[in-house]
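# Inside the fold
For reference, the chains in residue letters:
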Amino acid sequence: MDGVRARVVGAFGRNYLAQSGAGPAVACVARGKRSEVVCGDEVLLQPGDPALILQVLPRRNALWREDAWRSKVFAANLDLLLVVTASEPTPNLDLVGRALIAARAEGIDTLLLLNKCELPGAAALRARLRPLEGGGQALLELSARQHPARALESLRPWLERRTCMLIGASGVGKSTLANALVPGLQAQTQELSEALDAGRHTTTSTRLWNLPGLPEGSALLDSPGFQAFGLHHLSVTQLQHALPELASRIGQCRFQNCSHRQEPGCVVRDAVQAGEIDPERYALYLRVLGELLAPPH
Ligand SMILES: Nc1nc2c(ncn2[C@@H]2O[C@H](COP(=O)(O)OP(=O)(O)OP(=O)(O)O)[C@@H](O)[C@H]2O)c(=O)[nH]1
Ligand SMILES: [Mg+2]
Ligand SMILES: [Zn+2]
């Protein structure tokens, strides 16, 4: 199919912004009613005002969000997921664990961030995150509000020439951090959403920003705040591979297809009992597994 190849750098309801090479971002719309185009998508455009998205090219990877009724892709073609945590508000390690599973299952690199590290409560969170670090999870501590320049410096090698996204519970400091990385981002986000979507869908808008001061190809995807990460598309095997503690033990249980719940000769349960696998991580596995095995809603 003919068309100009471009990358979707803004999604606002049914309106999109796409950029071809280093050219300016142009307004475009999707064909058909149900648009399945997301920020980060590579597309073929038919030039025009607005341009028409003719085709979404195959995705390298994607992330899903879900509510009680459906799963929906919300970002595609990522290189790095920055999972932000903080001691305030009360940490939600379930959300953190699910975000890491979603990224790993899609082959997206992950970096766990302990923001607000200057707060006294950081020590307790640090201790709770240790099992993840022990499993090989990369972790950086920073203070986006107190030391934004320092935060940027420690993040720089992670961000270079990659498309990155910040994710985390409300209030952990994603916007503060995003603003440290792309000065003026918050104001611009609001302006764009209002111009393109009359401000109606600001919560569902996403934008991909080129990171200033970093090499060409370094970008930050600004994600809408939401709670539930979609994992329903995973198979049990994919889930097991996405948890490092389980992945390293695959094939060691008595039964090849061990679900690590109550089968005899299960090395995973043995490891939990022996304190080698964190009980909180095992509980997360059981919760997600239960959801995967439950009949579809
Ligand atoms: N003490 C401290 N506070 C911080 C730090 N980073 C952000 N905050 C504060 O935490 C609060 C929430 O920050 P936001 O950046 O709005 O959090 P968010 O993750 O974008 O939240 P949502 O948009 O609701 O998802 C604000 O009051 C920030 O000033 C930090 O490093 N230390
Ligand atoms: Mg925010
Ligand atoms: Zn087992």
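Computed from a predicted model, the values in this text were never measured in an experiment.

Cut-offs and rules
Residues numbered from 1 in each chain as written. Chains lettered and ligands numbered in written order. Predicted model: local features only at pLDDT ≥ 70, side-chain atom pairs only at ≥ 80, totals over all residues. Near = placed C-beta within 6 Å. Nonpolar A, V, L, I, M, F, W, Y, C, P; charged D, E, K, R; others polar. Helix = DSSP H or I, 4+ residues; strand = E, 2+ residues; numbered from the N terminus. Expected span 1.5 Å × (residues − 1). Bend = angle between axes of the 7 residues up to and from the residue. Axes fitted to C-alpha atoms, helices over the stretch in contact; angles between N-to-C directions. Parallel < 35°, antiparallel > 145°, perpendicular 65-115°, else oblique. Left-handed = near helix turned anticlockwise from the far one by under 90°. Contact = placed C-beta atoms within 7 Å.

### Re the site of ligand 1
- The environment of ligand 1 is formed by 16 residues, the closest being R145, S170, G173, K174 and S175.
- Classifying every residue of the shell around ligand 1 gives three nonpolar, ten polar and three charged.

### A look at helix α2 (residues 122-134)
- An ideal rise of 1.5 Å per residue puts 18 Å on 13 residues; α2 measures up with 18 Å between its terminal C-alpha atoms.
- For α2, the principal kink sits at R128 and spans about 35 degrees; a proline, P131, occurs within the next four residues.

### Digging into the packing of helix α1 (residues 93-105) against helix α9 (residues 279-293)
- It is at 11 Å that the axes of α1 and α9 come closest, and there the two elements cross at 70 degrees. Considered as vectors, α1 and α9 are oriented roughly perpendicular to each other. In the crossing of α1 with α9, the sense of the turn from one axis to the other is right-handed. Contacts between α1 and α9 involve L93, D94, G97, R98 and I101 on the former and, on the latter, E280, R281, L284 and V288.
- When the residues that make up the contact of α1 with α9 are grouped by side-chain class, the tally is four nonpolar, one polar and four charged.

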